[in-house]
Amino acid sequence: MTELSMKKNVSIQEQPEEERESVFEAQGVNLWYGQTQALHNIHLKQREQEVTAVIGPSGCGKSTYLKTLNRMVEMNPEVRISGNISYRGRNIFSRRFPVEELRTRVGMVFQKPNPFPKSVFENVAYGPKIHGIRDKQLLEQIVEESLKGAAIWEEVKDRLHENAFGLSGGQQQRLCIARCLAVEPDVILMDEPTSALDPKSTMKVEELVRELKETYSIMIVTHNMQQAARISDRTAFFLNGEVVECDTTDRIFSNPSDDRTEDYITGRFG
Ligand SMILES: Nc1ncnc2c1ncn2[C@@H]1O[C@H](COP(=O)(O)OP(=O)(O)OP(=O)(O)O)[C@@H](O)[C@H]1O
Ligand SMILES: [Mg+2]
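Just so it is clear, the structure is predicted and the values come from calculations on it, not from any experiment.

Some thoughts on the sheet that holds strand 3 (residues 51-55)
Strands sit in the order 6-7-8-3-9-10 across an open sheet of six strands; the sheet is mixed. Taken across any chain shown, the strands that pair with only one partner, and hence form the sheet edges, are strand 6 (106-109) and strand 10 (242-248). Averaged over neighbouring strand pairs, the angle between their axes works out to 15° when direction is ignored. Two strands pair when backbone bridges link them, and strand 3 and strand 9 (residues 234-239) are joined in this way by four bridges, in the parallel orientation. Bridging from a neighbouring strand, Val-54 pairs with Ala-236 of strand 9.

A word on helix 4 (residues 120-130)
When helix 4 is considered as a whole, its buried residues turn out to be Val-120, Phe-121, Asn-123, Val-124, Ala-125, Gly-127 and Pro-128. Where helix 4 is buried, its residues touch helix 5 (136-149), helix 6 (153-156) and helix 7 (169-181). Trailing helix 4 by a residue or two, Gly-132 shows a phi angle of about 95°, which is positive.

A short note on the pairing of strand 2 (residues 36-47)
Looking at chain direction, strand 1 (residues 22-33) and strand 2 are connected through eight bridges and run antiparallel. Residue Ser-22 lies in a different strand from strand 2, and its bridge partner there is Arg-47. Hairpin connection of strand 1 to strand 2: two residues between the antiparallel strands, including Gly-34 at a positive phi of 60°.

Description of the packing of aromatic side chains
Tallying each qualifying case throughout the model produces five aromatic pairs. Between Tyr-87 and Phe-97, the aromatic rings sit 6.1 Å apart at their centres with planes inclined by 45°, giving tilted as the arrangement. Remark: Phe-97 occurs in the loop between strand 5 (90-91) and helix 3 (99-105) and Tyr-87 occurs in strand 4 (residues 79-87); sequence separation between them is 10 residues. By relative accessible area, Tyr-87 is classed as buried at 4%. One Lys or Arg, Arg-90, reaches over the ring of Phe-97 and ends 3.9 Å from the middle of that ring.

Some remarks on the confidence of the model for the protein
With 93% of its residues at a pLDDT of 70 or more, the protein shows a mean pLDDT of 92. Ignoring residues within four places in sequence, the model shows residues 1-15, a span with pLDDT below 50, making two contacts including any to other chains.

Side note on the site of ligand 1
Ligand 1 sits among 13 residues. The nearest are Ser-58, Gly-59, Lys-62, Thr-64 and His-223. Here Tyr-33 contributes a side-chain N or O atom positioned 3.5 Å from a nitrogen atom of ligand 1. One of the backbone N or O atoms of Gly-61 is found 3.0 Å from an oxygen atom in ligand 1. In isolation ligand 1 has 630 Å² of accessible area, and contact with the protein removes 60% of it.

Overview of the state of the cysteines
Taken as a whole and judged by the stated rule, the model has zero disulfides. Looking at the unpaired Cys-60, the closest cysteine sulfur is the one in Cys-246, lying at 13 Å. The partly exposed category is assigned to Cys-246, whose relative accessible area is 30%.

Points about the sheet that holds strand 1
Pairing between the strands of a sheet is mediated by backbone hydrogen bonds and can be parallel or antiparallel. In spatial order, the strands read 2-1-4-5; together these four strands make up an open sheet with antiparallel pairing. Edge positions in the sheet fall to strand 2 and strand 5, since each has one partner strand and no second. In this fold helix 2 (residues 62-69) packs onto strand 1, strand 2 and strand 4, with an angle of close to 65° to the strand it touches most, strand 2.

Some remarks on the side chain of Glu-206
By the secondary structure assignment, Glu-206 is in helix 8 (residues 199-212). At 2.8 Å, the side chain of Glu-206 forms a polar contact with the side chain of Gln-227. Here Glu-206 is in contact with Gln-227, Arg-230 and Ile-231, once residues within four sequence places are set aside.

Looking at the packing of helix 4 against helix 5
Relative to each other, helix 4 and helix 5 sit at 110°, their axes nearing to 9 Å. Our classification of the angle between helix 4 and helix 5 gives roughly perpendicular. As for how helix 4 packs across helix 5, the hand of that crossing is right-handed. Across the interface between the two elements, Val-120, Phe-121, Val-124, Ala-125, Pro-128 and Lys-129 of helix 4 pack against Leu-139, Glu-140, Ile-142, Val-143, Ser-146 and Leu-147 of helix 5.

Rules and cut-offs
- Residues numbered from 1 in each chain as written.
- Chains lettered and ligands numbered in written order.
- Predicted model: local features only at pLDDT ≥ 70, side-chain atom pairs only at ≥ 80, totals over all residues.
- Heavy atoms only, no water.
- Pairing = 2+ DSSP bridges.
- Helix = DSSP H or I, 4+ residues; strand = E, 2+ residues; numbered from the N terminus.
- Axes fitted to C-alpha atoms, helices over the stretch in contact; angles between N-to-C directions.
- Buried < 20%, exposed > 50% of the residue type's maximum accessible area, 1.4 Å probe, protein only.
- Contact = heavy atoms within 4.5 Å.
- Phe/Tyr/Trp six-rings, centres within 6.5 Å; stacked < 30°, edge-to-face > 60°.
- Lys NZ or Arg CZ within 6 Å of the ring centre and 35° of its normal.
- pLDDT = per-residue confidence, 0-100.
- Near = heavy atom within 4 Å.
- Polar contact = N/O pair within 3.5 Å; in protein donor to acceptor, adjacent residues only side chain to side chain.
- Areas by Shrake-Rupley, 256 points an atom, 1.4 Å probe, with all protein chains shown as cover.
- Disulfide = S-S within 2.5 Å.
- Parallel < 35°, antiparallel > 145°, perpendicular 65-115°, else oblique.
- Left-handed = near helix turned anticlockwise from the far one by under 90°.

Listed below in structure tokens is the structure:
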């Protein structure tokens, strides 16, 4: 083997880890709520077509980190942030990056399903309408595709004009995912999206996450270690506002490099 082809081999073997493009890259991010520091020097990459699980005990900063990525956290006037976060190479804090654009690219799904008090159809059509889409046929098409994408179309296609509050919790959560897909995001942030759901609905959402990662980059907060192991490619372990480690999910769960990670995933605390 020539030196060149050997080098090539090496780089091919190393590729799976680093090959995918970063979608988000946080560098040295600190965040304070008033006097209280909630994030400490976060360095974290999120890659495309991957699911990144965020785990860690209550109060360690998981939700804060997610809300920092789409700048929702800054709705709180007490919040102060230092450090850098880039989204596809663009500084999210730059004045040249309108926050509305960021939030269109970066959708969010919350712990409790939060449909609007409107029909199933209007819940999904809401975002596209805000973006100026008025054409009825096009809206119908977007609604159908989004509901299909969120694996809920078959269950609601005959009740599109009923109030979304009439759906089950699991259906409402998938409706919220459909609402998020309707504006064609690039990244989906999910903050404990299954913690209010029964096991069957949880499985449906997990299956959906596995399908969606072909198209989207997903970051999901979970307290459920089995869930993190089942659905994520990478796992970031947060503790007291710091990232203790972020690695492939296989490694985090089989051979973490920090004792605190091992203690947490084996249930010794948290
Ligand atoms: N609006 C706020 N004002 C002041 N402190 C806050 C606020 N929101 C969160 N915090 C604090 O920031 C820290 C991180 O909170 P965060 O909600 O991000 O934790 P979490 O990891 O999501 O926890 P959980 O697993 O319970 O959801 C906590 O100490 C919390 O008390
Ligand atoms: Mg939280």
